[in-house]
Amino acid sequence: MKYAVPVVAMLAAAPFALQSYQVTLLTEILIFALFAMSLDVQMGYARMFSFGHVLPYGVGAYACAFALQAGWPLPFAIAGAVLVATLLSIPIGWLSTRASGVAFAMLTLAFAQLGYAIVFKWNTFTGGSDGLTGFARNAGPFGFEGFVSRDGYFWLVLIVVFAMYWLARGFMNSAMGRAIVGVRENERRASAIGYVPRSLRVVAFVVSGALAGVAGSLHAGFLLFVSPEILHWTQSGHVIIAVILGGTGTLIGPMIGAALIVLAHHQLSAVTDSWPLVMGLLFIIVVIAAPKGLWGIKASLAARISLRRARPAGEKHAAS
Amino acid sequence: MPLLECSGLTKRWGAVTTVDDVSLTVDAGEVVALIGPNGAGKSTVFNLIAGAIKKTAGAVRFAGESVEHLSAYDLAQKGLSRTYQITCLFPQLTVLENVRLAVQARSPGRLRPMASKAFVDKTQAAAMEWLARVRLADCANRTAGQLSHGDQRLLEIATALALQPKLVLLDEPTQGMSVEETRATVRLLKSLLEDAPIAVLLVEHDLEVVFGVADRIVVLDQGRKIADGNPEAVRNDPAVQRAYLGVAHA
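Here the structure is a predicted model, which means the values were calculated and not measured.

### So, the overall build of chain B
And step 1. Looking only at helices and strands, chain B features 9 helices and 10 strands.
And step 2. The globule rule puts the C-alpha radius of gyration for 250 residues at 18 Å, and the 19 Å found for chain B is close to it.
And step 3. With the principal axes as the frame, chain B shows a C-alpha extent of 65 × 40 × 35 Å.
And step 4. In chain B, which comprises 250 residues, the proportion classed as buried is 42%.

Structure below.
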């Protein structure tokens, strides 16, 4: 948290220093980072490997697009879309958490594929494979003009992503968040001391889905275009890779992993079509050499440094 | 009215009857030990009470209420906590967090979704007190998995007591401990139980532990209850001596 203020300040100043395509790239990074962080809530803290995390993301995006089409002001469209994604996550979470492990992963994948199929086939409602276009970031009558421009939208995304990170961190450190970690560590133990594992899993799933809904709705407002592609199962794969690459159970790690993936995609795809190969190699190296991810490397380095600093002081104390 | 009342507990696995019509009671604040030779059905009785396995027949009442269909977390909320024969902790979490989660489970706001430093401080302080009482305060910040086996058993006892239960089911608390550790644990258990109005049902095959802490002893042999009384009476009971010394049933 001690880096939060300088990092946010630097990002907020970015539009003054960067070219416009770089601001666009930065917006994309922030949205994908929020998406990865949302998956970490269930994957890192509850060890629930959802293979269908695109579902709340895509539903959030489509709902936001519909709301913007209907002329809702941007913040209301986002709030409404998040509500839809959250409400949808409740029954899906309740059903999926009846299983665990691989069965849970397959159930979530099945629900996401169902969502993809509906969006793809229901031409009259969702525009089918063409997707939805022709909507704008509506300022509305409440004076939200500032968020309409590209830079303004970047700032909106920055504020929202930071606020969601702050909320998620608070949730994970709360009594409930710690109980969820307990369930992850030992389900039998957690129920022996009076926690209900299933309910806590559903909560983790729904919080995770709600945050993904925020990311999805920001995505719709960003591109002003949604298509079934955003519900494609490979997206669920990308976001899992981002979480593992960055380091599960840290919230900030997955955001860094996500940034790396977007940047790599952007830089490498200009050089070669087979850029996923490079990401794949990096992924394999991280999983083998640093199972706690990139943020885990940083954390263990920091621990080693503080240990080295503490030791001389401790020896002095022992000598006196 | 007894705190825990089991009547006619029976468990059959196919043709094999491991527990046969066992009735026992535990009063509030009483320490009852359940003993018997290997295979007598001690652990099965224990798991029937805790609801971990389904009974063939019989009834379990806790604090006057039937607890037939309650799950482990409902029992814990009602004041019946247990330890496991095979250590069951949060091995990756710190020793402190292991106990703190138990303290939290019995606190108002146990599932608050927003972080609160005051709440964490309060539950941590209470957890530290429990750790101090089992003399594990020095290891508070190590992960539970790093503790020695004996210390893990103590941590499990501390966690069970931190739930402030009316009744604790202790499943072989000194299992796998050395003789010295066992004696220390017995002393510790006695001191812990002296200043807390907690009833205990103890399964143990170490007779030194049993005679050291129990107010009353229930003896099982081949799934049946063969004795129930104070330690002195049980020690002199010919049926018990037969069961333990392996004399053929006359």
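### Brief notes about the sheet that holds strand β2 (residues 16–26) of chain B
All names here are of chain B.
And step 1. Strand order in this open sheet of 4 strands is β2-β1-β4-β5, and the pairing throughout is antiparallel. The sheet terminates laterally at β2 and β5 (65–66), the two strands that pair on one side only.
And step 2. Inspection of the sheet shows strand β1 (residues 4–13) paired to strand β4 (residues 57–62) by 5 bridges, in the antiparallel sense. By the bridge assignment, S7 is partnered in β4 with A59.

### A look at the packing of helix α8 (residues 175–185) of chain A against helix α10 (residues 197–223) of chain A
Residue and element names in this part refer to chain A.
And step 1. At a minimum axis separation of 10 Å, α8 and α10 run at an interaxial angle of 115°. Where α8 crosses over α10, the handedness of that crossing is left-handed. Taking contact as the criterion, the partners of M176, A179, I180 and V183 in α8 are, on α10, P197, L200, R201, V203 and A204.
And step 2. Looking at the contact of α8 with α10, its residues break down into 8 nonpolar, no polar and 1 charged.

### Focus on the sheet that holds strand β3 (residues 31–35) of chain B
Residues and elements named next belong to chain B.
And step 1. Ordered in space as β6-β7-β8-β3-β9-β10, the 6 strands form an open sheet in which the pairing is mixed. Looking along the sheet, the strands with just one partner apiece sit at the ends: β6 (80–82) and β10 (224–229). Taking each pair of neighbouring strands and ignoring which way they run, the sheet shows an average axis angle of 15°.
And step 2. Pairing of β3 with strand β8 (residues 199–203), which is carried by 4 bridges, proceeds in the parallel orientation. Residue pairing for β8: L34 is matched across the bridge by V203.

### Some points on the pairing of strand β7 (residues 167–171) of chain B
Each regular strand displays side chains that alternate between the two surfaces of the sheet.
All names here are of chain B.
And step 1. Of all 5 residues in β7, 5 are buried, a share of seventy percent or more.
And step 2. Burial along β7 is two-sided: the residues L167, L169 and D171 and V168 and L170 are all buried.
And step 3. Of the pairings in the sheet, the one linking β6 to β7 comprises 3 bridges and is parallel in character. Its bridge partner being in β7, S81 is matched across the sheet by V168.
And step 4. Two elements, β7 and β8, share 5 bridges in a ladder whose sense is parallel. By the bridge assignment, V168 is partnered in β8 with V200.
And step 5. Note on the crossover from β7 through helix α6 (residues 179–194) to β8: the handedness is right-handed.

### Some points on the interface of chain A and chain B
And step 1. With 19 residues of chain A at the contact, the number on the chain B side is 25 residues.
And step 2. Broken down by element, the side of chain A that touches chain B gets its largest block of residues, 6 residues, from α8 of chain A.
And step 3. Grouping the amino acids of the side of chain A that touches chain B by side-chain chemistry returns 8 nonpolar, 7 polar and 4 charged.

Reading the values: rules and limits
- Each residue is numbered by its place in its chain's sequence as written, counting from 1.
- Lettering for chains starts from A, numbering for ligands starts from 1, and both go in the order in which the items are written.
- Predicted model: local features are reported for residues with pLDDT of at least 70 only, side-chain atom pairs are reported and counted for 80 or more only, and whole-chain, interface and lining totals are derived from all residues.
- Under the scheme used here, helices are H or I runs from DSSP no shorter than 4 residues and strands are E runs no shorter than 2 residues, and both carry numbers assigned from the N terminus.
- Taken over C-alpha atoms, the radius of gyration is set against a globule rule of 2.2 Å times the number of residues to the power 0.38.
- Counting other C-beta atoms within 10 Å of each residue's C-beta, where C-beta atoms are placed from the backbone, gives the exposure class: buried for 20 or more, exposed for 12 or fewer, partly exposed between.
- Being paired, for any two strands, means DSSP has found at least two bridges between them.
- Axis geometry follows a simple rule: fit a line to the C-alpha atoms, using only the stretch in contact for helices, then measure angles between N-to-C directions, giving values from 0 to 180 degrees.
- Rotating anticlockwise by less than a right angle from the far helix to the near helix defines a left-handed crossing, while the corresponding clockwise rotation defines a right-handed one.
- Here the contact rule is simple: place C-beta atoms from the backbone, and any two residues whose C-beta atoms are within 7 Å are in contact.
- Residues are grouped as follows: Ala, Val, Leu, Ile, Met, Phe, Trp, Tyr, Cys and Pro are nonpolar; Asp, Glu, Lys and Arg are charged; all remaining types, including Gly, are polar.
- A clockwise path from the first strand over the helix to the second, with the strands pointing away from the viewer, defines a right-handed crossover.

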